[in-house]
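# Chains, contacts and geometry: an overview
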Amino acid sequence: MSKSENNKTALVIGGSISGLLASKALSRHFDRVVLLERDKFPEKPMSRGGVPQGGHLHALMSGGAFVIEEMVPGFFRDLEKNGSMIVDATRDMALHFFNAWQPRDLCGIPYFMQSRAFLDWSIIQRLKKEKNIELRDDCFVSELLTSQDRTRVTGVKLKNRTTEKEEEMSADLVVDAGGRSSRTPIWLEALGYAKPPKEEVKIDICYTSRNFQMDDAPRDWNAMFIYPMPPRTTRMGGLMHQDNGEFIATLAGYFNDQAPEDLDGYLEYAKTLNSPEMYDALKNAEPRGEARVFRLPSARRLRFDKLKRFPAGLICLGAAVCSFNPIWGQGMTSGALQAQALGKCLEQKGLDDDFYRSYFKAQKKICDVPWTLAGAEDFRYAKTEGKRPFGIKILHWYTAQVYELMAQDHEAYTEFIKTIHFLQGPEAFFKPKIFFKVVKWLFSSRKRNLEPKLPPLTPEASQRPLDFSAYKF
Ligand SMILES: Cc1cc2nc3c(=O)[nH]c(=O)nc-3n(C[C@H](O)[C@H](O)[C@H](O)COP(=O)(O)OP(=O)(O)OC[C@H]3O[C@@H](n4cnc5c(N)ncnc54)[C@H](O)[C@@H]3O)c2cc1C
């Protein structure tokens, strides 16, 4: 479908990462794209009410960054000029995972570090320059408009939150990127359709985040993550450089185990992580601002792809469809990939009455892997509630061998990093070169290199120049 022959309008509900990127993808296929956001967009990068998680550490996986870069060329180099950092994903990010510090050397995969507020704000600034994208903030979408027989969505009803003025807008396609509180399931039911079946993994994760100005102690990392060792421990910590020069610290606990908000309590909690480095890094740092808390009861997926009936002219994407356990950092990348898939489906198929079918099929493929991977890790705890996937015990056993191996094998660790960054599928764990290493590992003395403290970078690794030539950005 080319723009010149259709003269069509698309409406996007929600101006967070999925809605922003969906608007960009749609702008190549529609004459007019109108994005409707209930909040006022801030004039400078800052968190806002509609994205309350924005004040917490947001790790952007490289696969997601590459999608943003493809849609908005030059984006990350611009961010870098304004304080963000582009570092090597295995050398400059220190990861304690499966009870061991992971090997640190260059892998050539770029890791993009900025605050969530700066990321969203920067995309908005780029979209403001697009001639056929209109960003309308401060307006709440309250209803879907439909054809008389309710088989087609024809627009939305919205209300300006300041003036309270109501308005109707027509569209050829409505994209709901309204996040986890999306009203599509309620709207569908009111229109006589079934609600999408829900899959849920109950984890009761609690995030407490604070910003810090670090002290002058030398550091050979720019981000640090200390993961729990399931089923024994349930606490996780992350520390990451932000565009304003501060570091954001996030402490998270499964099963309502919340870190205290006061500084002393916060540091005590950091001390209880599986390795003491985050506490060591923070104990002399200067706190900036107040603590923020976010509680997420469950990871949740709505299976729109399973619905037999659905109105034409409507689709949903992003957290409105799949909201993950945030400790695995998958949400923004999954949203970006779903936005990219929207453009691809329009290109391949055009907008017909069955468009939602092909789109939800493509979306299912994008969500299946991260949903299964994150769930598999969460199900290592007996307390996690939800439907355990078939074969989970075998998967747990095999991935545990890979995780044990990678602490002493940078190549295996790089395969893991590529997988969690959405640069390849988890079948990479079964590639012959990894599989044979695992077998060899199983028949070895299996002596793990369990350094009690983060080992410093070797002079060789620290002096090697960054090389991202394998990736285009
Ligand atoms: C604590 C926490 C930490 C996280 N950390 C990470 C991380 O490290 N890495 C990562 O990739 N992901 C992370 N995530 C997930 C990430 O935040 C989400 O996946 C992402 O924000 C989803 O984007 P979205 O655009 O789909 O929805 P949302 O960000 O939820 O945005 C929905 C938007 O729609 C608007 N809206 C809703 N209803 C209406 C309406 N009726 N009318 C108009 N506007 C409406 C809202 O105001 C909002 O702007 C984290 C999540 C949480 C909770």
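Residues numbered from 1 in each chain as written. Predicted model: local features only at pLDDT ≥ 70, side-chain atom pairs only at ≥ 80, totals over all residues.

Further remarks concern the sheet that holds strand β10 (residues 166-170). With antiparallel pairing, three strands are arranged side by side in an open sheet as β8-β9-β10. Looking at the sheet topology across the chains shown, the edges are occupied by β8 (139-146) and β10. When the angles between neighbouring strand axes are averaged without regard to direction, this sheet yields 25°. (Pairing = 2+ DSSP bridges. Helix = DSSP H or I, 4+ residues; strand = E, 2+ residues; numbered from the N terminus. Axes fitted to C-alpha atoms, helices over the stretch in contact; angles between N-to-C directions.)

This next bit is on the site of the ligand. Around the ligand lies a shell of 39 residues, among which Gly14, Gly50, Gly179, Gly318 and Gly331 are the nearest. Every element with two or more residues in the shell around the ligand is listed here: α2 (17-26), β8, β16 (286-302) and α9 (331-349). With four residues, the single largest contributor to the shell around the ligand is α9. Among the residues forming the shell around the ligand, the class breakdown is 16 nonpolar, 18 polar and five charged. (Near = placed C-beta within 6 Å. Nonpolar A, V, L, I, M, F, W, Y, C, P; charged D, E, K, R; others polar.)

Below, the discussion takes up helix α11 (residues 392-406). In this model, α11 (15 residues) spans 21 Å end to end at C-alpha, consistent with the 21 Å of a helix rising 1.5 Å per residue. For α11, the complete set of buried residues consists of Val402, Leu405 and Met406. For α11, the buried positions fall inside an angular range of 100° around the axis, keeping them on one side. Exposed and oriented more than 90 degrees from the buried face of α11 are Lys393, Trp397 and Ala400. Those residues of α11 hidden inside the fold are in contact with α12 (410-420) and α13 (432-442). (Expected span 1.5 Å × (residues − 1). Buried ≥ 20, exposed ≤ 12 C-beta atoms within 10 Å, placed from the backbone. Arc of directions from axis to C-beta. Contact = placed C-beta atoms within 7 Å.)

Of note, the bond from Pro230 into Pro231 is cis; its omega dihedral lies within 30 degrees of zero at 0°. The phi torsion at Asn99 lies on the positive side, around 70°, for a residue other than glycine. Tracing the backbone through its elements, the reader meets Asn99 in the loop between β4 (93-97) and β5 (100-101). C-beta crowding within 10 Å serves as the criterion here: with 17 such atoms nearby, Asn99 is assigned to the partly exposed category. Backbone geometry at Asp138 places phi at a positive 65°, although glycine is not the residue there.

Okay, helix α5 (residues 116-127) next. The end-to-end C-alpha distance of α5, which contains 12 residues, comes to 17 Å, matching closely the 16 Å that a straight helix rising 1.5 Å per residue would cover. Most of α5 is tucked away, with nine of its 12 residues classed as buried. Turning to α5, its buried residues are Arg116, Ala117, Phe118, Leu119, Asp120, Trp121, Ser122, Ile123 and Leu127. Turning to α5, the residues buried within the fold contact α2, α4 (75-81) and β7 (133-136).

This next bit is on the nonpolar core. Counting residues in hydrophobic clusters, the biggest one holds 128 residues, and the most contacted among them are Val12, Ala22, Val174, Val175, Leu317 and Leu342. If near-sequence neighbours (up to four positions away) are discounted, Val175 is found in contact with Ala10, Val12, Ile13, Ala22, Ile315 and Leu317. (Core = buried A, V, L, I, M, F, W, Y, C linked by C-beta atoms within 7 Å.)

Another point: the pairing of strand β6 (residues 110-113). Within a regular strand, the side chains alternate between the two sheet faces. A two-sided burial pattern is seen for β6, the buried positions comprising Pro110 and Phe112 on one face and Tyr111 and Met113 on the other. For strand β3 (residues 85-88) and β6, the ladder comprises four bridges, and the chain directions are antiparallel. Along β6, the bridge assignment pairs Ile86 with Phe112.

Let us look at the sheet that holds β7. Here five strands make up an open sheet; going across it, the order is β7-β2-β1-β11-β17 and the pairing parallel. Pairing within the sheet leaves two strands with one partner each, and these edge strands are β7 and β17 (314-316). For this sheet, the mean inter-axis angle between neighbouring strands, taken without regard to orientation, is 15°. Across four bridges, strand β1 (residues 9-13) lies against strand β11 (residues 173-176) in parallel orientation. Bridge assignment links Ala10 to a residue of β11, and that residue is Leu173. Sitting on the sheet, α2 is in contact with β1, β2 (32-36), β7 and β11, with an inclination near 170° to β1.

Take the packing of α2 against α9 next. In the contact formed by α2 and α9, the axes pass within 8 Å of each other and the chain directions differ by 20°. In this view, α2 runs roughly parallel relative to α9, as classed from their interaxial angle. Read as a crossing pair, α2 and α9 show a hand that is right-handed. Facing Ile17, Ser18, Leu21, Ala22, Ala25 and Leu26 of α2, the residues of α9 in contact are Met332, Gly335, Ala336, Gln338, Ala339, Gln340, Leu342 and Gly343. Its residues placed into classes, the contact of α2 with α9 shows nine nonpolar, five polar and no charged. (Parallel < 35°, antiparallel > 145°, perpendicular 65-115°, else oblique. Left-handed = near helix turned anticlockwise from the far one by under 90°.)

Most of β2 sits inside the fold, with four of its five residues counted as buried. Once the chain exits β1 it traverses α2 before rejoining the sheet at β2, and the crossover so formed is right-handed. Judged from the four bridges that link them, β2 and β7 form a sheet pairing that is parallel. Considered in β7, the bridge of Leu35 is made with Leu135. (Right-handed = clockwise from strand over helix to strand, strands pointing away.)

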